[in-house]
Amino acid sequence: MTTSMIQPQMTDEVAMAIAQGRPVVALESTIISHGMPWPRNAEVALAVEQAVRDEGAVPATIAVIDGICCAGLSPAQVERLGRDTDVVKAASRDLGACLVRGQTAGTTVSATMRIAALAGIDVFATGGVGGVHRGEGMDISADLTELSVTDVLVVCAGVKSILDIPRTLEMLETLRVPVVTYGANEFPAFYTPHSGIDAGERFDDPAQIAAARSANRRVGMTTGMLVANPIPAADALDAQEIGATIEASLAAAEAQGITGKDVTPFLLGRLNEVTDGTALAANIALVLNNARLAARIAVAGANPGVWA
Ligand code: PSU
Ligand code: MN
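Procedures and definitions
Residues numbered from 1 in each chain as written. Chains lettered and ligands numbered in written order. Predicted model: local features only at pLDDT ≥ 70, side-chain atom pairs only at ≥ 80, totals over all residues. Heavy atoms only, no water. Salt bridge = Lys/Arg side-chain N within 4 Å of Asp/Glu carboxyl O. Buried < 20%, exposed > 50% of the residue type's maximum accessible area, 1.4 Å probe, protein only. Helix = DSSP H or I, 4+ residues; strand = E, 2+ residues; numbered from the N terminus. Near = heavy atom within 4 Å. Polar contact = N/O pair within 3.5 Å; in protein donor to acceptor, adjacent residues only side chain to side chain. Areas by Shrake-Rupley, 256 points an atom, 1.4 Å probe, with all protein chains shown as cover. Nonpolar A, V, L, I, M, F, W, Y, C, P; charged D, E, K, R; others polar. Pairing = 2+ DSSP bridges. Phe/Tyr/Trp six-rings, centres within 6.5 Å; stacked < 30°, edge-to-face > 60°. Lys NZ or Arg CZ within 6 Å of the ring centre and 35° of its normal.

> Hey, could you run me through the pattern of salt bridges in this one?
A full pass over the atoms with the stated rule returns 17 salt bridges. When the shortest N-O distance is used, the salt bridge between Asp94 and Arg93 registers 3.9 Å. Look at Asp94 and you get buried, because its relative accessible area is 19%. Judged by relative accessible area, Arg93 falls into the exposed class, the value being 76%. Between Arg114 and Glu146 there is a salt bridge; the shortest N-O distance is 2.7 Å. Of this pair, Arg114 sits in helix α6 (residues 109-119) while Glu146 sits in helix α7 (residues 142-149), and the two are 32 residues apart along the sequence. Overall, Arg114 belongs to the partly exposed group, its relative accessible area being 27%. One network of salt bridges, in which partners are shared, links Asp122, Asp151, Arg213 and Arg217.

> Could you clarify how one ought to interpret the site of ligand 1 in this entry?
Taken together, 15 residues form the shell around ligand 1, and within it Glu28, Lys89, Ser141, Asp143 and Lys160 come nearest. The side chain of Lys89 places a nitrogen or oxygen atom 2.7 Å from an oxygen atom of ligand 1. A distance of 3.5 Å is found between an oxygen atom of ligand 1 and a side-chain nitrogen or oxygen belonging to His133. In the complex, the protein chains occlude 92% of the 470 Å² of accessible area that ligand 1 would expose alone. Those elements giving two or more residues to the shell around ligand 1 turn out to be α2 (30-35) and α11 (263-274). Ranked by residues supplied to the shell around ligand 1, first place goes to α2 with three residues. Here the residues of the shell around ligand 1 are counted per class, giving four nonpolar, seven polar and four charged.

> Even after reading the chapter, I still don't get the pairing of strand β2 (residues 24-27), so can you show me in this structure?
Consecutive side chains along a regular strand alternate between the two faces of the sheet. Going residue by residue along β2, you find Val24 and Ala26 tucked away on one face and Val25 and Leu27 tucked away on the opposite face as well. In this structure, β2 lies alongside strand β3 (residues 58-65), joined through four bridges in parallel fashion. From the neighbouring strand, Val24 faces β3, where its bridge partner is Val58. Sheet topology note: the β2/strand β7 (residues 123-125) ladder contains two bridges and is parallel. For Ala26, the partnering residue across the bridge sits in β7 and is Phe124.

> Sorry, what's going on with the packing of aromatic side chains here?
The description of two aromatic rings rests on the distance between their centres and on the angle between their planes. Taken as a whole, this structure holds one aromatic pair when the rule is applied. Plain terms: the ring middles of Phe190 and Tyr191 are 4.8 Å apart, the flat faces sit at 90° to each other, and that makes the pair edge-to-face. Looking at Phe190, the relative accessible area reads 1%, which means it is buried. Residue placement shows Lys160 over the ring face of Phe190; its charged tip is 4.0 Å from the ring centre.

Written as structure tokens, this is what we have:
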């Protein structure tokens, strides 16, 4: 890191943990500002922080508050992200403009990775990463490009089928981002553990995931790493049913001319509405599940000698 890069504003809890080399897990905030409805969004964000603490790591929810990059938020700041309607959605390329304008932003996976890296945090839990959208529109999330250049490990529940899962995995291969699946042979599809796609690399032990990451670093990889963690069977939705609902939501987005960064929030909002809370409940369950796995990987990685 060059000295001209900024240091995010950190809470004492996060700053102290980083200084002492204790495990820290970054958490994103677009899921709060644009991914879930108020007031569940703020409640869930605080519950996810607690899940990380319960596994022995320190949570650092990341956002831009009044033009300042923050790693670690107060409950009042989390509430503001969840409730205020003037909070913008920032990917990594939006950060500069947000800072200059003094805006408050929920950070996507790409922007959260960027700020986590600045803070010295290298494990991050989210729900789903962005990816290659369906259709021929070439709508490809900057989450993938950020993963290719920023060394932060991201735990997600796979790729939601609002996206083109096979193309997203192909793109990750092209970008040489290591992808591993935790405890399954099939790559998960967010609301369901089933995508019909082979998982590729499977690991059953968080410590092994930490070790694989360390080995990637030893061969000179400077990319991030994507860990796909299947939603627990008890919380999963019926693949066919949610698949049909997603198809209908995609058609609605197209009919209404939704484009650009509004596409993902529109689809998520619509899924949460039309499923009468079922999709939201599954989303919450998988985020908590991802937070716990990320914390276990961070704890394993913080053991002396595991990570270079
Ligand atoms: N997937 C979800 N919930 C979310 C997102 C993705 O299930 O809230 C958010 C994440 O912050 C992700 C972003 O980084 O959407 C991707 O947006 P886009 O497709 O515009 O790159
Ligand atoms: Mn896009």
